[in-house]
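Examining the three-dimensional arrangement
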Amino acid sequence: MTDDPFVAHRSLLFTVAYEMLGSAADAEDVLQETWLRWADVDRSQVRDPRAYLVRAVTRQALNRIRTLARRREDYVGEWLPEPLLTHPDVADDVELAENISIAMLTVLETLGPVERAVFVLREVFDMPHDEVAEAVGKTPAAVRQIARRARNHVAARQPRVNVSPMEHKAVLDRFLAALHTGRIQDLLEIMAPDVILVADGGGLTAAALAPVHGAELVATMLAGTERRESETMLVWLNGAPAIRIRSDSGPAAVSLLIENGRITRIYATSNPQKLTRIDKLTDLTR
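Residues numbered from 1 in each chain as written. Predicted model: local features only at pLDDT ≥ 70, side-chain atom pairs only at ≥ 80, totals over all residues. Heavy atoms only, no water.

1. Here's the deal with the overall build of the chain
What the chain contains, in helices and strands, is 13 helices and six strands. The C-alpha radius of gyration of the chain comes to 20 Å, within 12% of the 19 Å expected for a compact globule of 286 residues. The dimensions of the chain, computed from C-alpha atoms along their principal axes, are 65 × 40 × 40 Å. Of all 286 residues assigned to the chain, the portion counted as buried reaches 48%. Contacts spanning at least 24 positions in sequence make up 68% of the contacts within the chain whose residues lie at least 6 apart. Here the chain has roughly 14400 Å² of accessible surface; of this, 51% comes from carbon and sulfur atoms. The distance from the centre of the 34 positive side-chain charges to the centre of the 40 negative ones in the chain is 4 Å. (Helix = DSSP H or I, 4+ residues; strand = E, 2+ residues; numbered from the N terminus. Rg over C-alpha atoms; globule rule 2.2 N^0.38 Å. Buried < 20%, exposed > 50% of the residue type's maximum accessible area, 1.4 Å probe, protein only. Contact = heavy atoms within 4.5 Å. Areas by Shrake-Rupley, 256 points an atom, 1.4 Å probe, with all protein chains shown as cover. Lys, Arg positive; Asp, Glu negative; His and termini not counted. Charge placed at Lys NZ, Arg CZ, Asp CG, Glu CD.)

2. Regarding the environment of Gly-137
In this fold, Gly-137 is placed in the loop between helix 8 (129–136) and helix 9 (140–157). Among the residues examined, Gly-137 registers a relative accessible area of 61% and is labelled exposed. Taking the C-alpha atoms as reference points, Gly-137 and Leu-111, 26 residues apart in sequence, are found 17 Å from one another.

3. Regarding the packing of aromatic side chains
On inspection of all chains with the given rule, the structure shows three aromatic pairs. Between the aromatic rings of Phe-6 and Trp-35, the centroid separation amounts to 5.2 Å while the plane-to-plane angle is 55 degrees, which identifies the pairing as tilted. Taken as a pair, Phe-6 in helix 1 (residues 5–8) and Trp-35 in helix 3 (residues 24–39) lie far apart in primary sequence, 29 residues in all. The class for Phe-6 is buried, based on a relative accessible area of 6%. Where Trp-38 meets Tyr-52, the ring centres are 5.7 Å apart and the plane angle is 50 degrees; that geometry is what we call tilted. Placement of the pair is Trp-38 in helix 3 and Tyr-52 in helix 4 (residues 49–73), with a sequence separation of 14 residues. A residue is classified by how much of its surface remains accessible, and Trp-38, at 2% relative accessible area, is buried. Positioned above the aromatic ring of Trp-79, the side-chain terminus of Arg-72 is 3.7 Å from the ring centre. (Phe/Tyr/Trp six-rings, centres within 6.5 Å; stacked < 30°, edge-to-face > 60°. Lys NZ or Arg CZ within 6 Å of the ring centre and 35° of its normal.)

4. Section: the packing of helix 7 (residues 113–124) against helix 8
The packing of two helices is summarised by the inter-axis angle and the distance between the axes. Relative orientation of the contacting elements helix 7 and helix 8 amounts to 145 degrees, with a least axis distance of 10 Å. At the point where helix 7 passes helix 8, the crossing takes the right-handed sense. Contacts between helix 7 and helix 8 involve Val-114, Ala-117, Val-118, Leu-121 and Arg-122 from the first element and His-129, Val-132, Ala-135 and Val-136 from the second. Looking at the contact of helix 7 with helix 8, its residues break down into seven nonpolar, one polar and one charged. (Axes fitted to C-alpha atoms, helices over the stretch in contact; angles between N-to-C directions. Left-handed = near helix turned anticlockwise from the far one by under 90°. Nonpolar A, V, L, I, M, F, W, Y, C, P; charged D, E, K, R; others polar.)

5. Examining the confidence of the model for the chain
Taken residue by residue, the chain gives an average pLDDT of 89. The fraction at 70 or more is 92%. Mean pLDDT across the elements of the chain ranges from a minimum in helix 5 (residues 94–99), with 64, to a maximum in strand 2 (residues 212–213), with 98. (pLDDT = per-residue confidence, 0-100.)

And the structure:
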């Protein structure tokens, strides 16, 4: 055991960085940079280690966002957050599960860097305005305005879905069965008419370069995908049941957004650079 505040608050610090960056790999890099700086700090001068560390991680994450801006601009096709392997117990914390969901992280991508930081610290972790202000280098009054603007922005785009893990898994099982049969009608029955498929191959694997709209188009595309010798397994990603797929064409992770018992969004990540972490972890648990 250790009483080092960094170790004690590491889970919180990682979640802050991950929600700001949408990348577990970048979040880990931010934590490493923060740890190196923390190691040189005179601890006797730090009144509140938790607030100090959250502030340090936030600033490092903001720096990382700015360095990643050009990479995002040059990204091939749609960009999705890196899937995060979670434990089923996370789903019991409904608020946390919603905040780290692929759907929510995709919405957060539409915020500016400072707006995203303020939203995560204030709305997700309920930090006081003055602490958020110190973290982002703004006045408390400015933070209140930014928080209100970000909250309204997210509320207008956030999926209003409340599905139990049991219902989510039931729909996921039906979806997986339909994928294995390859029958378009089976897929149509489980998807909403206005379903949207978002695929992220990063230019490294075959994937739709733009969102695919409508059940007919999505079902036709999914029915035509390679299914022979594919390996699928249920995993928990970002607080909800999801599918990990391995096939001749490479790995993929598929997360679903479900409303009224039908799929409204399909998030399919096949960029191998975003799957290394979950593949290593799932291999260890097999």
